[in-house]
Each structure stands twice: as C-alpha cells, then as structure tokens.
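Topology and contacts: notes
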Amino acid sequence: MNRKQRERKGSSTPRALADLVREVYPSREPDDIASIRAFGWWRKAVPERIFRRARPVRMSNGVLYINTATTAWASELDHMKEQLLASVQNQGPGARVRELRFRVGPLPEAPKVTRPEPPRPQPIALAVLPEKLARALSRIDDDALRDVIGGAASVALGRRE
C-alpha cells in the first residue's frame, strides 16, 4: 500500500468532488473538468426539443462546441446563441462557458437519466371512509375516477391508511 492509499484510507476529512474526479480521471487539459460539468448542465439548460437535436461534444478555452442534427438546427441555435449561453451560465456557473459554437455533426448518445416513477395511488378502502361517502363512491362506475375522489376524500378527512 503506497502513501497516498494509506492517507486516503485513514483520512476522515471530506474532500472536494473535483479532487476525487481528478484522481479517477487524470486530465492533461484544464478544460476537461469544466467540459464534464458543461455537458451535464447543457441538458438542464436547454428545452428537451433542443437537447434531442443538439449536444455538446467538446470544450476548449471556454468555448463549448455543440453538434447539431442538421444545418437548419445549427442556424436556428446560432440565432438563439445569447439566450442559450445565458441559460448554460445560469445552470452551471462553474463550467466557465463564455461562448457557444454550433456545427452539423454526429450527436453523442444521450446519457441515460433514470427518474423515479411517481408513486401510484393506492386503492382506497371504502371502510375507512364515512358510510354515506363510501356508498356514494360505490355507485361510480369509473375505477380511476372513484379512486381519485376516494383518495381526495380520504386525505381531506385525514384517514389515509
């Protein structure tokens, strides 16, 4: 075990994420870490319709190069350059992006984003609702509508199981 490994193993002091990334991803260029940040912020900074057709491919000296699906998209985004740059800078001020350049080229594969599914409403047990309300709900034929109304009533009455 070398000195660095011993220091890491015995150290309980929190370390900056950028330092950890540099250890795992040693960079010869100072823009590499900024590039990684800018690429991640691009998705948050632009609407989905733009993200589907334009993706960053590299960054050099504060210039973020973005490939687009077509020349029409490159031209359109060039007209929106000021807005997009402001959005990228607001989303990721640490990325140090000072300019955007668009060109037609292959789009890198979009990173897989997994979002948790919203919780599904649980069926309401009619027994937890007042008898009169439970009877009225039982006459509703649409299961989804009955569950929504029952859930709202249950929450309003504070009787959710």
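Refer to the structure presented above.
My aim in this report is to walk through the structure given alongside it, one point at a time. In this text the structure is predicted, and so the values were computed from the model without any measurement.

Secondary-structure assignment places arginine 55 in strand 1 (residues 54-60). Glutamate 48 is the oppositely charged side chain nearest to the buried, salt-bridge-free arginine 55, at an N-O distance of 6.6 Å. At 3.3 Å, the side chain of arginine 55 forms a polar contact with the backbone oxygen of phenylalanine 51. Arginine 55 has contacts with Trp42, Tyr65, Ile66, Asn67, Leu107, Pro108, Glu109 and Ala110, leaving out every residue within four places of it along the chain.

To continue, consider the pairing of strand 1. Of the pairings in the sheet, the one linking strand 1 to strand 2 (residues 63-68) comprises 6 bridges and is antiparallel in character. When the sheet's bridge partners are listed, proline 56 is paired in strand 2 with isoleucine 66.

Backbone geometry at asparagine 61 places phi at a positive 50°, although glycine is not the residue there. Within the secondary structure, asparagine 61 sits in the loop between strand 1 and strand 2.

Further remarks concern the sheet that holds strand 2. Strand order in the open sheet formed by 3 strands is 1-2-3, with mixed pairing between adjacent strands. Each edge of the open sheet is held by one strand with a lone partner, namely strand 1 and strand 3 (99-104). Going across the sheet, the axis of each strand differs from the next one's by a mean of 30°, ignoring polarity. Relative to strand 3, strand 2 is paired through 6 bridges, and the arrangement is parallel. When the bridges of strand 3 are listed, isoleucine 66 appears paired with phenylalanine 102. Across the sheet, helix 5 (residues 71-79) lies against strand 1, strand 2 and strand 3, angled at about 165° from strand 3, the strand it touches most.

On to the nonpolar core. Among the nonpolar cores identified, the biggest contains 20 residues, and Trp42, Ile50, Leu84 and Leu100 are the most heavily contacted of them. Elements represented by at least two residues in this core include exactly helix 3 (31-45), helix 4 (48-51), strand 1, strand 2, helix 5, helix 6 (81-91) and strand 3. Not counting residues within four places of it along the chain, the set of residues in contact with leucine 100 comprises Trp42, Leu64, Ile66, Lys81, Leu84 and Leu85.

The next thing to look at is the pattern of salt bridges. Opposite charge on two side chains permits them to pair, given that their charged atoms come into close proximity. Evaluation of the coordinates by the stated rule reveals 5 salt bridges. The residue arginine 135 makes a salt bridge to glutamate 131 at a minimum N-O spacing of 2.2 Å. With arginine 135 and glutamate 131 both in helix 7 (residues 131-138) and 4 residues apart, this pair spans about one turn of that helix. Since its relative accessible area comes to 45%, arginine 135 is described here as partly exposed. Here aspartate 143 and arginine 146 are joined by a salt bridge, their closest N and O atoms 2.3 Å apart. Of this pair, aspartate 143 and arginine 146 both sit in helix 8 (residues 143-157), 3 residues apart, roughly one helical turn. Through salt bridges with shared partners, a single ionic network connects Arg98, Glu99 and Arg101.

Definitions and cut-offs
Residues numbered from 1 in each chain as written. Predicted model: local features only at pLDDT ≥ 70, side-chain atom pairs only at ≥ 80, totals over all residues. Heavy atoms only, no water. Helix = DSSP H or I, 4+ residues; strand = E, 2+ residues; numbered from the N terminus. Buried < 20%, exposed > 50% of the residue type's maximum accessible area, 1.4 Å probe, protein only. Lys, Arg positive; Asp, Glu negative; His and termini not counted. Salt bridge = Lys/Arg side-chain N within 4 Å of Asp/Glu carboxyl O. Polar contact = N/O pair within 3.5 Å; in protein donor to acceptor, adjacent residues only side chain to side chain. Contact = heavy atoms within 4.5 Å. Pairing = 2+ DSSP bridges. Axes fitted to C-alpha atoms, helices over the stretch in contact; angles between N-to-C directions. Core = buried A, V, L, I, M, F, W, Y, C linked by side-chain atoms within 4.5 Å.

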